[in-house]
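The residues making up each chain are set out below.
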Amino acid sequence: MGKDRGFYSAADWSRVLTQSARWILGDVVRGVMQQSVCDKNHWFKQTATHNNTTDLQEYTETVTAYINKCTEDVTSTKTITVHANPKPWLTVEVMSLSPDSVRRSLSRINARKALGPDNIPGRVLRDCAVELTKVFTDIFNLSLNQAVVPTCFKATTILPVPKKSSPSCFNDYRPVALTPILMKCFKRLVMQHIKRPQGVWVGSITSSTITLNTGAPQGCVLSPLLFTLLTHDCTPSHSSNLFIKFADDTTVVGLISNSDEINYRSKVSRLAGWCRDNNLSLNVEKTKEIVVDFRRAHTQHAPLTINGASVERLSSTKFLSVYITEDLSWANNTTTLAKKSQQRLYFLRKLRARAPVPIMCTFYRGTIESILMSCITVWFDACNASC
């Protein structure tokens, strides 16, 4: 507990506060909230009201600062420090949130989720949901009426997570966004996306912030929905082509008959043009092509090009966790699943000496059986003894 003032991750927070201490913290903070927040609801708003107009920024910052103060008052050592830090695809009519919906949203917060830039623990918000319902209902509705979201709600910290073991360039990192838990609750309630200040966080270093009005960072509640809306009009124009969309990945499937590849290649070219017209960057280096050809007389297929660059052709590729080969055999897929399952059998053997049978069964189903059964409806029927 005698650590210097500095940044602590969610894992560090769990180590500093034992399970029992966290329960005590939640109970104490809830007790403080019960005694004071309800009495201060009007005071918070009155302090931020000038000339019969409520300053939403000041109102929100006062409430969130007070919650932080309550948390710090019942924690013997402060282990978390605050780091500084529209594209309106979805139109939402002005609405009024009910206290019940706000209370339910707060009470469903996952206490194990990482803290946002405001460093307000999810456990405090969840355990004090009843006490905080009135003030945050007022803040949320005031935000909707004024069409303004408090800056402290929009702050975002970006964590670069490596996509592979040895990253060598920026594209090898996945930018995962940490946003305030309160903002996630607000987004789930109103489904509205606006511009946000954003910074990058690597280790103990946080960059300066910039304000973005485009894009949907990974880790945000609305990102999948917003991207789906943005790409809704990206559809094939010919019946022989099919688009398969999953998050930010798009797969073009083309049926080529009588060696006529015009429809397939023209659609790929149109897709590249659509991305360019909609300010989306198509990463040709990550784009791969696989050709499944069961004709007896194999012919050499001309390389596929996008924006003048050739697309790499593979004999096997991983598609939504399933390995697909050009001959549609499943040996590679089943071998990979079996190897991954065998690696986890080690932990099951370790549990055998200590854990009861029900715990071992739960562990097996969650960590081993789930792998063996992954996408089984796709490949099981076509498996044979060689797989």
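Residues numbered from 1 in each chain as written. Predicted model: local features only at pLDDT ≥ 70, side-chain atom pairs only at ≥ 80, totals over all residues. Heavy atoms only, no water.

## A closer look at the overall build of the chain
Thought 1: Helix and strand counts for the chain stand at 13 helices and 15 strands.
Thought 2: Counting over 387 residues, the chain shows a buried share of 35%. (Helix = DSSP H or I, 4+ residues; strand = E, 2+ residues; numbered from the N terminus. Buried < 20%, exposed > 50% of the residue type's maximum accessible area, 1.4 Å probe, protein only.)

## Brief notes about helix α8 (residues 181–190)
Thought 1: The element α8 is largely enclosed, with a buried count of nine among its 10 residues.
Thought 2: Every buried residue of α8 is listed here: Ile-181, Leu-182, Met-183, Lys-184, Cys-185, Phe-186, Lys-187, Leu-189 and Val-190.

## Looking at the packing of aromatic side chains
Thought 1: Throughout the structure, instances matching the rule amount to four aromatic pairs.
Thought 2: With 6.2 Å between their ring centres and 65° between their planes, Phe-140 and Phe-153 make a pair best called edge-to-face. Here Phe-153 lies in helix α7 (residues 151–154) and Phe-140 lies in helix α6 (residues 129–146), a separation of 13 residues in the sequence. By the burial criterion, Phe-140 is buried, and Phe-153 matches it.
Thought 3: Plain terms: the ring middles of Phe-140 and Phe-186 are 4.5 Å apart, the flat faces sit at 5° to each other, and that makes the pair stacked. Taken together, the positions of Phe-140 in helix α6 and Phe-186 in helix α8 put the pair 46 residues apart, joining distant regions of the chain.
Thought 4: Cluster of aromatic residues (ring-pair linked, three or more members): Phe-136, Phe-140, Phe-153 and Phe-186. (Phe/Tyr/Trp six-rings, centres within 6.5 Å; stacked < 30°, edge-to-face > 60°.)

## Regarding the nonpolar core
The nonpolar side chains of soluble globular proteins are, as a tendency, buried together.
Thought 1: One finds Phe-136, Ile-139, Phe-140, Phe-153 and Phe-186 to be the most contacted residues of the largest nonpolar core, which totals 32 residues.
Thought 2: No other element matches α6, which puts eight residues into this core.
Thought 3: When near neighbours in sequence (up to four residues on either side) are disregarded, Phe-136 contacts Val-63, Ile-67, Val-102, Phe-153 and Leu-182.
Thought 4: Among the nonpolar cores identified, the runner-up in size contains 13 residues, and Phe-243, Cys-275, Leu-304 and Val-311 belong to it. (Core = buried A, V, L, I, M, F, W, Y, C linked by side-chain atoms within 4.5 Å. Contact = heavy atoms within 4.5 Å.)

## As for the packing of helix α11 (residues 331–352) against helix α12 (residues 357–372)
Thought 1: Between α11 and α12, the shortest axis-to-axis distance is 9 Å and the interhelical angle comes to 170°. When the interaxial angle is binned, α11 and α12 end up roughly antiparallel. Where α11 abuts α12, its residues Leu-337, Lys-340, Ser-341, Arg-344, Leu-345, Phe-347, Leu-348, Leu-351 and Arg-352 lie against Met-360, Phe-363, Tyr-364, Thr-367, Ile-368, Ile-371 and Leu-372.
Thought 2: Across the contact of α11 with α12, the residue classes tally to 11 nonpolar, two polar and three charged. (Axes fitted to C-alpha atoms, helices over the stretch in contact; angles between N-to-C directions. Parallel < 35°, antiparallel > 145°, perpendicular 65-115°, else oblique. Nonpolar A, V, L, I, M, F, W, Y, C, P; charged D, E, K, R; others polar.)

## Describing the environment of Thr-47
Thought 1: Among the secondary structure elements, Thr-47 is positioned in helix α2 (residues 19–47).
Thought 2: Thr-47 gets classed as partly exposed once you look at its relative accessible area, which sits at 31%.

## Examining the environment of Tyr-364
Thought 1: Summarising the element assignment, Tyr-364 is placed in helix α12.
Thought 2: Put simply, Tyr-364 and Arg-344 are 20 residues apart on the chain and 9.0 Å apart in space, counted from C-alpha to C-alpha.
Thought 3: Tyr-364 has contacts with Leu-348, Glu-369 and Leu-372, leaving out every residue within four places of it along the chain.

## A short note on unusual backbone geometry
Thought 1: The backbone of Ser-321 shows a phi angle near 75°, a positive value even though the residue is not glycine.
Thought 2: Secondary-structure assignment places Ser-321 in the loop between β14 (316–319) and β15 (322–325).
Thought 3: Classification of Ser-321 as partly exposed rests on a relative accessible area of 45%.

## Observations regarding a nonpolar patch on the surface
Thought 1: Residues Val-292, Phe-294 and Leu-328 make up a contiguous nonpolar surface patch of about 290 Å² in total accessible area.
Thought 2: Within the secondary structure layout, Val-292 lies in the loop between β10 (288–289) and β11 (305–306).
Thought 3: We classify Val-292 as partly exposed; its relative accessible area is 40%. (Patch = residues over 30% accessible without salt bridge, like charges linked within 9 Å, V, L, I, M, F, W, Y side chains within 5 Å. Areas by Shrake-Rupley, 256 points an atom, 1.4 Å probe, with all protein chains shown as cover. Salt bridge = Lys/Arg side-chain N within 4 Å of Asp/Glu carboxyl O.)

## Concerning the pattern of salt bridges
Thought 1: Evaluated as defined, the whole model comprises seven salt bridges.
Thought 2: Asp-172 is the salt-bridge partner of Lys-164, the closest N and O atoms lying 3.6 Å from each other.
Thought 3: Among the salt bridges present, the one from Glu-261 reaches Arg-265, with a minimum N-O distance of 2.7 Å.
Thought 4: By relative accessible area, which is 18% here, Glu-261 ends up buried.
Thought 5: Given the relative accessible area of 23%, Arg-265 is considered partly exposed.
Thought 6: By sharing partners, the salt bridges in this structure join Arg-123, Arg-126 and Asp-127 into a single network.

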